[in-house]
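# Close look at the chain arrangement
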Amino acid sequence: MFQKSFLLFIIFTQISICSFAQKPTTYSRKTLVPIVNIIVEGVNMHTYKTRNKNHFYGDYYTKNLFEKRSTRISKFPKYKFNIFIKKNRFIKAKENVQYLPGKWAALIEKELQELEKLQNEEIELNATLVVQTQDILSTKENRKAVGENVIKLIENAHNHTTLVEKIQSQLRELLLDYPIKDTSNSWYKCGDLMNQILEESEVVLTFLKENKTKEAKEYVSKVDDLLKEIEENKTTLLEGIRKYPSEGGDVHSYFFIFHRFGQAFVSDVLKDPETFSRRSFYNSALIEFFNMQNYYNEFTNKASIASNHKVAPAYLMKQVYKKFYVEVPELNSNEEAFLNEVSEDLTMEGFKKNNLILLLDVSGSMKKKERLPLFKDAIQKVSSIMRNEDVFTVVLYSDNAKILFERKSFTDSKAMKKLLKLQTNGRTNVLKGIEKAYNLANKKYDNLENTRIIMITDGSFKLPTKIYEKVKAQNEKIQFSVFNFGEPNKANENLKKLSKSGNGNYVSVTNENHIKTLLEEVRVK
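Attention shifts here to the packing of aromatic side chains. Applying the stated criterion to the full structure yields 10 aromatic pairs. Arranged with centres 6.4 Å apart and planes meeting at 85°, the rings of F375 and F485 form a pair that is edge-to-face. Taken together, the residues F375 in helix α10 (residues 372-382) and F485 in the loop between β5 (479-484) and α14 (491-501) connect sequence positions 110 residues apart. Centroid distance F392 to F405: 5.1 Å. Interplanar angle 75°. Geometry classified as edge-to-face. Of the two residues, F392 is situated in strand β2 (residues 391-397) and F405 in strand β3 (residues 401-409); the sequence distance between them amounts to 13 residues. Put simply, the rings of W187, F255, F256 and F299 touch in pairs and so form one group of aromatic residues. Over the ring of Y445 we find K477; its NZ or CZ atom is 4.9 Å from the centre of that ring. Stacked on the ring of F351, the Lys or Arg K525 has its end atom at 5.3 Å from the ring centre.

Right, let's talk about the confidence of the model for the chain for a bit. A residue-level look at the chain finds 82% of positions with pLDDT of 70 or above and a mean pLDDT of 83. Predicted confidence is poor over residues 1-21, with pLDDT under 50, and the contacts of this stretch with residues over four places away or in other chains come to 38 contacts. Per-residue pLDDT stays below 50 along residues 329-338; that stretch engages in 27 contacts with residues further than four places along the chain or on separate chains.

Looking now at the packing of helix α7 (residues 213-237) against helix α8 (residues 251-269). Where α7 meets α8, the axes come as close as 10 Å, and the angle between the chain directions of the two elements is 155°. With respect to α8, the axis of α7 lies roughly antiparallel. Handedness of the α7/α8 crossing: left-handed. Residues A216, K217, V220, V223, D224, L227, I230, E231, K234 and L237 of α7 form the contact with α8, whose own contacting residues are F255, F256, H259, G262, Q263, F265, V266 and V269. Residue composition of the contact of α7 with α8, by class: 11 nonpolar, 3 polar and 4 charged.

Turning to the environment of Y438, a few remarks are in order. Structurally, Y438 can be placed in helix α12 (residues 430-443). We classify Y438 as buried; its relative accessible area is 2%. Along the primary structure Y438 and I478 are separated by 40 residues, whereas in three dimensions their C-alpha atoms are 8.4 Å apart. Apart from residues no more than four positions distant in its own chain, Y438 is found in contact with I453, V471, Q474, I478 and F480.

The two faces of a sheet get side chains in turn, since along a regular strand they alternate between them. Most of strand β1 (residues 354-361) is tucked away: 8 of the 8 residues are buried. Covered by surrounding structure in β1 are N354, L356, L358 and L360 together with N355, I357, L359 and D361, the residues of both alternating faces. Relative to strand β4 (residues 450-457), β1 runs parallel, the two sharing 7 bridges. Paired with L359 across the strands is M455, a residue of β4. As paired strands, β1 and β2 are joined by 7 bridges and run parallel to one another. Across the sheet, residue L356 finds its bridge partner in β2, namely F392. In the classification by handedness, the crossover that spans β1, the intervening α10 and the parallel β2 is right-handed.

Let us now look at the packing of helix α6 (residues 186-209) against α7. Close contact between α6 and α7 brings their axes to 9 Å; oriented N to C, the two are set at 165°. With respect to α7, the axis of α6 lies roughly antiparallel. Judged by the twist between their axes, the crossing of α6 over α7 is left-handed. Between α6, through S186, K189, C190, L193, Q196, I197, E200, S201, V203, V204, F207 and L208, and α7, the contact on the second element is made entirely by E215, A216, Y219, V220, K222, V223, L226, L227, E229, I230, T236 and L237. Tallied by class, the residues present in the contact of α6 with α7 amount to 15 nonpolar, 4 polar and 5 charged.

Calculation criteria
- Residues numbered from 1 in each chain as written.
- Predicted model: local features only at pLDDT ≥ 70, side-chain atom pairs only at ≥ 80, totals over all residues.
- Heavy atoms only, no water.
- Phe/Tyr/Trp six-rings, centres within 6.5 Å; stacked < 30°, edge-to-face > 60°.
- Helix = DSSP H or I, 4+ residues; strand = E, 2+ residues; numbered from the N terminus.
- Lys NZ or Arg CZ within 6 Å of the ring centre and 35° of its normal.
- pLDDT = per-residue confidence, 0-100.
- Contact = heavy atoms within 4.5 Å.
- Axes fitted to C-alpha atoms, helices over the stretch in contact; angles between N-to-C directions.
- Parallel < 35°, antiparallel > 145°, perpendicular 65-115°, else oblique.
- Left-handed = near helix turned anticlockwise from the far one by under 90°.
- Nonpolar A, V, L, I, M, F, W, Y, C, P; charged D, E, K, R; others polar.
- Buried < 20%, exposed > 50% of the residue type's maximum accessible area, 1.4 Å probe, protein only.
- Pairing = 2+ DSSP bridges.
- Right-handed = clockwise from strand over helix to strand, strands pointing away.

Encoded structure:
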């Protein structure tokens, strides 16, 4: 269905492109909207071909540069950009800019030139990454180069979206001088409702991208209300629009399919996010939004055709496609984003005093060299830059929970030696460990300090429901982070939920990020 609809979209575009080869003698909404839509189609084609790929960049960056357990990272997939389609549409868009009135021709021409630069940069960066990731990347320098290029792709997507939003705003401002005179027109009423749904849906997507699930679920009610308005008034809204005009195609179907994808969008947003990953949750809603955009643009095609409808044509501006992506927490283009060592020039100057409570799992499963021994390596190296006033407490939990020591300076060699001698044994009793950790965190709490609990574990246990409530109740003053040294599995979702409840960080720790991860927790301003 989608491919068929998009084919019709391409065919109509070719017809509309051929319709304007010279500047209109007089400007009106009827003469300007087809020109504006040709420009929008040129902007949209590159985005349409690449936007489903953009949120892959952040995911690739995280998994390959921070969560990968070996020195080999995944090959960056070769992506065949359809240059002919992109260039053909874009050339037509640039050719039609000259037909815009007054200042608008120069303004939009400048924006299209900037957009083309971004498009070419994306193609070049993709090609570079394909070459860079063909072989094993064992050195920090090689991995850093790959990471920097993936970051550039994410920034490119962000800049692309900012620019197309600007183009969309300018074209809409232009058309304000040529308003639709008959707002009771059925084409207009339908198009206006569809536009409102798309605008409110974008707000929901922004909440989802920022991981604000609660806000997204509350706001999506606005989308649902507009969809109900369509359902309740569909006969009146479509009055005068023939289902099968002489130019072919079921006009009503575009409107109803748009409505169906809108319902699917609302349904996706209202699902329980804990049943699948944040990325899947976001992408599922995003796909429905893309489908709504496509069918709205199909509808605008039909609205402008002077067919044998009982209502006059309406000239509706198409939706501009934007790139969406998931911005990963580790996204940072500076040197420290790739640091997994304590360099000679690294200091704690300018950072808050630390009061860390290390909630350390010493059950039998933590014995492996990539678990407790790896954490010991990180804490020993990071302690070399810590100040006398930086203190830490260690709470151990296995069969029972006990305090190894309390509020010792990171520079205290005896305390550090005691920690490094720890052995693993027994099972895991996490609830008692968390209770002790919070008691100690609150004991000498100072809001000027960086007070946080860090759970160090391999995640091989079940979490009682009351833990989440306990952690969430204190997350405004004490952050709760989780360092997971275990293998990826479904239990990880519980640990992610735990860190989210504590307003802290969740990190899957490996020998490629263990020092960096701890540094980020102690260097807080």
